[in-house]
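Descriptive structure summary
Below, each chain spelled out in residue letters.
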Amino acid sequence: MLKPKLKLDEVVFLYGSNGAQPFVLGPLTFELGESQILVVLGPSGCGKTTLLRLISGLEISQRGSVWIGDRLVSGRNTHVQPEKRGVGMVFQELALFPHLNVSQNVGFGLGRTGAGMRTARVAECLELVGLGGFERRYPHELSGGQKQRVALARALAPQPALILLDEPFSSLDADLRRELASDIHRVLRETRSTTILVTHDHEEAFSMADRVAVLKDGGLVQWGNPFDVYHLPVSRFVAEFMGPAVFVEGRVEKGGIHCRFGNFRNQTDLPEGTPVDVLLRPDDVELEPSDSGEAAIVARKFHGSENIYTVELSTGERILSTQRSHWVYPEGERVHVRAELEHVVVFRREELL
Amino acid sequence: MTRISWFLKRIPAHLTAFVMAVPLLFIFLSMCKISGPQWTRLWHAELPGLISNSFLLVLVVTFVSLFLGSILAWLVEKTDLAGRAWMRPLLAAPLVIPCYIVAVSYVGFLSMNHWRVFYGFWGAASLLVLGAYPYVYLLVWASLRRLDPALSEAARCMGAGPLRRMLKVGLPLLAPSFVAGAVLAAIYVLSDFGVVTLMRYRTFVSAIYGEISGRYHFEGAAGLSFVLILFTFAFLSVQDIYAGRRYESQGGVRVTARPVSLGVFQIPAFLFVCAVLGVSLVIPVGVLVKWFIDSLTAEGVARLWSFSLGEVLGAGLKSLLVSSFAATAAVILALPLAYWTVREPRSGWGRLISSLSQSGLALPGVLIALGLGLFLAKGAPQLHFSAVSMAAAFLIHFFGQAYQSVETGLKRVSIPLEESARLLGLTPLAAFWRVTRPILRPSLVAGWLLVFLNSMRELPSALILRPAGFDTLTVKVWTAASEGFYAQAAAPALALVLVSSPLLWIVFHEGEGRTPAN
């Protein structure tokens, strides 16, 4: 692995400690390499934003240490002030200075640079985010996407060791979101920025991340590359959070995992006889229209490039299946269901009382 | 649109604006009659002294209140000062005590104990600071609350230390509220009558009052008034220049900032706030309460010094009558005017009409009484010096507050809202009654209350326009105090303070960003 640019070691943060229910973040331990993009995923309230605030120094952790490069910025008896950390942050609400124009906003962090250098750097950063020529505008004269770009340019301008982005696309509509996400991804790659991006949208995570971290209730539940996190989730929660997922009953047997769709390789070390749930992604499930089919189509959702079918099995269980856009069958159609699992993901079934 | 409805929309609005402009108009007309030698006298004998006196007072009071108000707002909103939660409303509370009552209680308190009263400039300046700082405090406090802490955090992440954050982010964003506070304080000082008269300090207002009441020299008064009006509007235009720079916050404030730790300054800061509260609130109210209790228990000759309950009740009733008349008229007149200015595209003419009708807010009460008196003397002498003329003066003085409330309320009733009521089968009148009126109601109530409460407290125009024997609460306080019967002033003064207290509630909730009466 490359030399770590950011390292967290057993970082713990408690808040609302005087309230009834203290919230605990951590203990968190991870490393992020030079120029890597980490996407932190999790539902709201899981501590994503707090993690960014701890790394930037806006909050002080109770335990553990944080290194940026070779420098200890937070640890026992050490707390480097945010203004001395050299961390760029794009806030969820952007926090553009309303009394300064675009060029003054972007130039804000270029403290002791000479005027010529400053203008050049501001122009360079604005060019990078595609906003050349907007120098004299004020924040209220910009659209949502443009504000976002200014906020990124402002964070990049002082060439920080680390860029932190807090839900940068949450306030934008879907189309703009995709366009901006790919633009920002390009900029981060071009500037070779070590980045942490926080979001609750798994599609955003898959398109940008080198590493994905999944947070739940303040704890790190999974760390890995996007492919692994999608295909080999470590828990039911991660499986469901990463995209549409259904589970069917199964059992560990001698030859592998047995369920109603057949036998699959056993990639776990669960003992024989264990009742399990098998993860089915919609793209694992094949449908074949047939009058003798054991299942029936109950709903179709058209997504343009694909159809997502909800199918009810004879047991009453419902599963999802992705089909091509032109593959159209009406509700009530009987079908055969086949499952083809590349990765067999099972979880021990929790016995319901 | 038919011709009739075109006129129906415009005529009430224009009539209202005309009524509100009467004092300005007649002061101007009367000034035009001043002869050359009279101008020369004014110019050489009066104006230089008045200008330097007034400006010195404005300058000192504005700067001290700006400083005091801002420091207090910062202490209670941004630091970990102990007790800041109860200090927040209390620091604004002195504005429920009319400033002349504070002055009366200090003068009485000091002279009854045979201590020295600092008449003149310093006395007037210190008392006016006590009256003006709560306004600055409220404005700065409200904008500190709306200041997004994320801005300061963003600056931190870009390497800005505390000083740079204050100079480059905090102060520029608060600047509009500083300007608004300073202009408010300056106009407060320029239009004050009670304090400068009691402190025997000559400003424009006390000189104009002297010309009217002592020498019956109305042209001279009009000349001085005209100059004063020019200065007032000059101050207001400063604020207008800055009004365009109000910075809209980008979305809601999500981050709550960690309060600044005062450390070793915790105790001095606490004592400082307590001292301010003591001087501006506890001492004046305490003195009034003491006098009140003393006069209840007085016997024999001392009873002469006290008040009779019947008199106070009678005065209260008169105040109530005139003020509620003014408030009701203000709300009724404000409705058509606000309808027109909110719903029609704003033209230059519309803006002129609306600012003309609010001009009373910026003018000293003495000028309104003077202008109205000039008009009544010509147009309706039988109404001059009557309860009607008092109510009219209050109406003109405070109409702007009713108008602003109604305007804010009407902006919340969107046209599609009324249109959808129409499509559901309601006539225009029924739509107004069932949709517009309920939404508008809190604003109407707030507007009525503001005009009513300010009318209850208004001193100079009541003093000038009252008919013989028609003593309102304010007049009672004033006449008792100016004859040295301070204890007699206590009961009506306390009554005024009590009646004014809802005012604090309205302005404090506005500062918190909530609408009153919700």
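Now for a description of the structure that goes with this document. Everything quoted here is computed from the prediction, not taken from an experiment. (Residues numbered from 1 in each chain as written. Chains lettered and ligands numbered in written order. Predicted model: local features only at pLDDT ≥ 70, side-chain atom pairs only at ≥ 80, totals over all residues. Heavy atoms only, no water.)

**Section: the overall build of chain A**
We apply this condition: For the purposes of this entry, the term helix denotes a DSSP run of H or I that reaches at least four residues, the term strand denotes a run of E that reaches at least two, and both are numbered from the N terminus. Here the term buried applies to any residue with accessible area under 20% of the maximum for its type, exposed to any over 50%, and partly exposed to those in between, with areas from a 1.4 Å probe on protein chains only. Working definition of accessibility: Shrake-Rupley area with a 1.4 Å probe, residue cover restricted to the visible protein chains. By the counting rule applied here, Lys and Arg register as positive and Asp and Glu as negative, while His and the ends of each chain are not counted. By convention, the charge on Lys lies at NZ, on Arg at CZ, on Asp at CG and on Glu at CD.
On a plain count of helices and strands, chain A comes out with eight helices and 21 strands. When the backbone C-alpha atoms are referred to their principal axes, chain A occupies close to 80 × 50 × 40 Å. Within the span of chain A, comprising 353 residues, buried residues form 51% of the whole. For chain A, the exposed surface amounts to about 16800 Å²; the carbon and sulfur share of it is 48%. The average position of the 39 basic charges and that of the 46 acidic charges among the side chains of chain A differ by 7 Å.

**Examining the sheet that holds strand E20 (residues 334-339) of chain A**
Across a sheet, paired strands are connected by hydrogen bonds in the backbone, their directions being either parallel or antiparallel. Residue and element names in this part refer to chain A. For the record, the criterion: DSSP-based pairing: two strands are paired if at least 2 bridges between them are found. Helix axes are fitted to C-alpha atoms over the stretch in contact, other axes to C-alpha atoms as well, and angles between N-to-C directions run from 0 to 180 degrees.
Judged by pairing direction, the sheet is antiparallel, and its five strands sit side by side in the order E16-E20-E17-E18-E19 without closing on themselves. The open sheet has two edge strands, strand E16 (285-289) and strand E19 (318-324), and neither has a second partner. Each adjacent strand pair in this sheet contributes to an overall mean axis angle of 40°, direction not counted. Across five bridges, the pairing between E16 and E20 is antiparallel. When the bridges of E20 are listed, valine 285 appears paired with alanine 339.

**Brief notes about the interface of chain B and chain A**
Inclusion rule: Throughout, a contact is declared for two residues whenever any of their heavy atoms are within 4.5 Å. For any pair of parts, buried area is found by adding up, for both, the accessible area (1.4 Å probe) each one loses once the two are put together. Here a salt bridge means any side-chain nitrogen of Lys or Arg lying within 4 Å of a carboxyl oxygen belonging to Asp or Glu. Two N or O atoms form a polar contact when they lie within 3.5 Å of each other; inside protein one atom must be a possible hydrogen donor and the other a possible acceptor, and for residues adjacent in sequence the pair counts only when both atoms belong to side chains. Asp, Glu, Lys and Arg are counted as charged, while Ala, Val, Leu, Ile, Met, Phe, Trp, Tyr, Cys and Pro are counted as nonpolar; the rest, among them Gly, fall into the polar class.
At the interface, 25 residues of chain B touch 22 residues of chain A. The junction of chain B with chain A conceals about 2200 Å² of combined surface from both sides, 59% of it contributed by carbon and sulfur atoms. Of the charged contacts in the structure, one is a salt bridge between arginine 156 of chain B and glutamate 83 of chain A, with a shortest N-O distance of 2.9 Å. For the pair chain B and chain A, the number of links is five residue pairs in polar contact (both at pLDDT 80 or more). Where the side of chain B that touches chain A is concerned, the elements lending two or more residues are helix H6 (149-157) and helix H7 (162-191) of chain B. Partitioning the side of chain B that touches chain A into residue classes produces 13 nonpolar, three polar and nine charged.

**A few points about the packing of helix H3 (residues 84-92) of chain B against helix H5 (residues 121-146) of chain B**
All names here are of chain B. The cut-off we apply is this: Should an angle lie under 35 degrees it is considered roughly parallel, over 145 roughly antiparallel, and from 65 to 115 roughly perpendicular; all remaining angles are considered oblique.
Put simply, H3 and H5 touch, their axes get as near as 8 Å, and they point 135° apart. The pairing of H3 with H5 is recorded here as oblique in orientation. Judged by residue contacts, Met87, Arg88, Leu91 and Ala92 of H3 engage Tyr133, Pro134, Tyr137, Leu138 and Trp141 from H5. In the contact of H3 with H5, the residues fall into eight nonpolar, no polar and one charged.

**Looking at the packing of aromatic side chains**
All names here are of chain A. Definition in use: Ring pairs are drawn from Phe, Tyr and Trp, using the six-membered ring of Trp, whenever the two centres fall within 6.5 Å, and their geometry is named by plane angle: stacked under 30 degrees, edge-to-face over 60, tilted for the rest.
Inspection of the entire model under this criterion finds 23 aromatic pairs over all chains. Note on phenylalanine 97 and phenylalanine 108: the rings are 4.6 Å apart at their centroids and 40° apart in plane angle, and the pair reads as tilted. Of this pair, phenylalanine 97 sits in the loop between strand E7 (87-90) and helix H2 (102-107) while phenylalanine 108 is found in the loop between H2 and helix H3 (115-128), placing the two residues 11 residues apart along the sequence. Accessibility classification places phenylalanine 97 together with phenylalanine 108 in one group, the buried group.

**Quick notes on the pairing of strand E8 (residues 162-166) of chain A**
Residue and element names in this part refer to chain A. Counting buried positions along E8 yields five of five residues, so the element is predominantly enclosed. Both faces of E8 are covered, namely the face carrying Leu162, Leu164 and Asp166 and the face carrying Ile163 and Leu165. With four bridges connecting them, E7 and E8 associate as parallel partners. Pairing of valine 87 across the sheet is with leucine 162, part of E8. As defined by bridge partners, E8 adjoins strand E9 (residues 195-199) across four bridges and the pair is classed as parallel.

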